[in-house]
Amino acid sequence: MLRGLSGAGLGALESTEQLIQLAGTYGFDVVDIEAESLIQQYGVDKSRELLTQNGVGIGSIGLPVEWRSTEELFVQGIHKLAKAAEAASTLGCYSCCTYILPSTDMKAAAFMTIAIRRLRICAQILGAYGIRLGLEFVGPHHLRTNWANPFIWTMEETLALIEAIDERNVGLLFDSYHWYTNEMTVADIKSLKSEQIVHVHINDAHNIPVSEALDNGRLYPGEGVIDLAGFLQGLQAIGYQGAICQEVLMAEAQAESVEALVLRSKRGFDKVFAEAGV
């Protein structure tokens, strides 16, 4: 499995180049960044050189399409998607991810119909570039009632959505925090096939009741109460060999420097990977 970083939880990064360099320095394999922005800034050749020199690849890009809102915004985003997909594939990235909020101000049935159609279109465009679409279920309880109507927040519901989308390049973005806030077990991970997982996020949680865990109240891997050793062992058991990227969402920025936070992240990865024996 590939160790990875996103910018979430690393403080005020100066640039994507800094993230890539620090990831390479501290032994990470991939970074989650926007490939198109990197190419726009450095060009294709220099972008490839920057990644190669630091021994780092791109784990995943984000879906640059607002599929949860109006049709007008969706269409505007769709026009951008092919360029983003082309840039990602040019730099060797074949994963694109988005999240599904667990409640909505729309009527749930109507929103489900819209989501299936729009995400199918996104998947078809990404598929033309050999890119998979990962859908992330979101577990924190406070978000389940943040909007008027409950939607979906479990793995089973998300797998049903993926089945309804009916495109072979769609799977899960599997996040340890959402696994935890859904009170799932290692057995739930082992019920999956590795090919059902597009990308993985790792993070940790405070020692508070699960129902009180906030989406932006996360900790660095190994600093909280999530059974990350079991999480990793479950992924290993099903043969997952893709990226495990840190995503630490916090309400307040940390006082430490970016480099100190990357080193803190490395120590956390070393700890939980050692405990898992992977």
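In the block above lies the structure referred to throughout.
Cut-offs used in this document
Residues numbered from 1 in each chain as written. Predicted model: local features only at pLDDT ≥ 70, side-chain atom pairs only at ≥ 80, totals over all residues. Heavy atoms only, no water. Helix = DSSP H or I, 4+ residues; strand = E, 2+ residues; numbered from the N terminus. Rg over C-alpha atoms; globule rule 2.2 N^0.38 Å. Buried < 20%, exposed > 50% of the residue type's maximum accessible area, 1.4 Å probe, protein only. Contact = heavy atoms within 4.5 Å. Lys, Arg positive; Asp, Glu negative; His and termini not counted. Charge placed at Lys NZ, Arg CZ, Asp CG, Glu CD. Pairing = 2+ DSSP bridges. Core = buried A, V, L, I, M, F, W, Y, C linked by side-chain atoms within 4.5 Å. Salt bridge = Lys/Arg side-chain N within 4 Å of Asp/Glu carboxyl O.

Asker: Tell me what's going on with the overall build of the protein, and back it up with residues and numbers.
Answerer: A tally of helices and strands in the protein yields 10 helices and 13 strands. What you see for the protein is a C-alpha radius of gyration of 18 Å, in line with the 19 Å of a compact globule of 278 residues. Taken over 278 residues, the protein has a buried fraction of 50%. Across the protein, the fraction of contacts at a sequence separation of at least 24, relative to all contacts at a separation of at least 6, is 82%. Positive and negative side-chain charges of the protein, numbering 20 and 34 respectively, have mean locations separated by a distance of 4 Å.

Asker: So what's going on with the sheet that holds strand β9 (residues 170–175)? Residues and values would help.
Answerer: Taken together, the 9 strands give an open sheet; going across it, the order is β3-β2-β1-β13-β10-β9-β7-β5-β4, and neighbouring strands pair in parallel fashion. Edge positions in the sheet fall to β3 (57–58) and β4 (61–62), since each has one partner strand and no second. Bridging between strand β5 (residues 95–100) and strand β7 (residues 132–137) involves 6 bridges; their strand directions are parallel. Within β7, the residue paired with Ile-100 across the bridge is Phe-137.

Asker: I'd like a description of the nonpolar core, backed by residues and values.
Answerer: Counting residues in each nonpolar core, the largest one holds 83 residues, and the members touching the most others are Leu-63, Trp-67, Leu-119, Leu-133, Leu-135 and Phe-174. Apart from the residues within four sequence positions on either side, Phe-174 is in contact with Phe-137, Met-155, Trp-179, Met-184, Ile-189, Leu-192, Ile-197, His-199, Val-200, His-201 and Phe-231.

Asker: Just give me the short version of the pattern of salt bridges, but keep the residues and values in it.
Answerer: Close approach of charged atoms allows side chains of opposite charge to pair. The final tally for this structure, using the stated rule, is 10 salt bridges. Linking Asp-215 and Arg-218 is a salt bridge whose minimum nitrogen-to-oxygen distance equals 2.7 Å. Since its relative accessible area comes to 17%, Asp-215 is described here as buried. Between Arg-264 and Glu-223 there is a salt bridge, with its nearest N and O atoms 2.8 Å apart. Linking Arg-264 in helix α10 (residues 258–276) with Glu-223 in the loop between β12 (218–219) and α9 (228–237), this pair joins segments that are 41 residues apart in sequence. Its relative accessible area of 35% is what places Glu-223 among the partly exposed residues.

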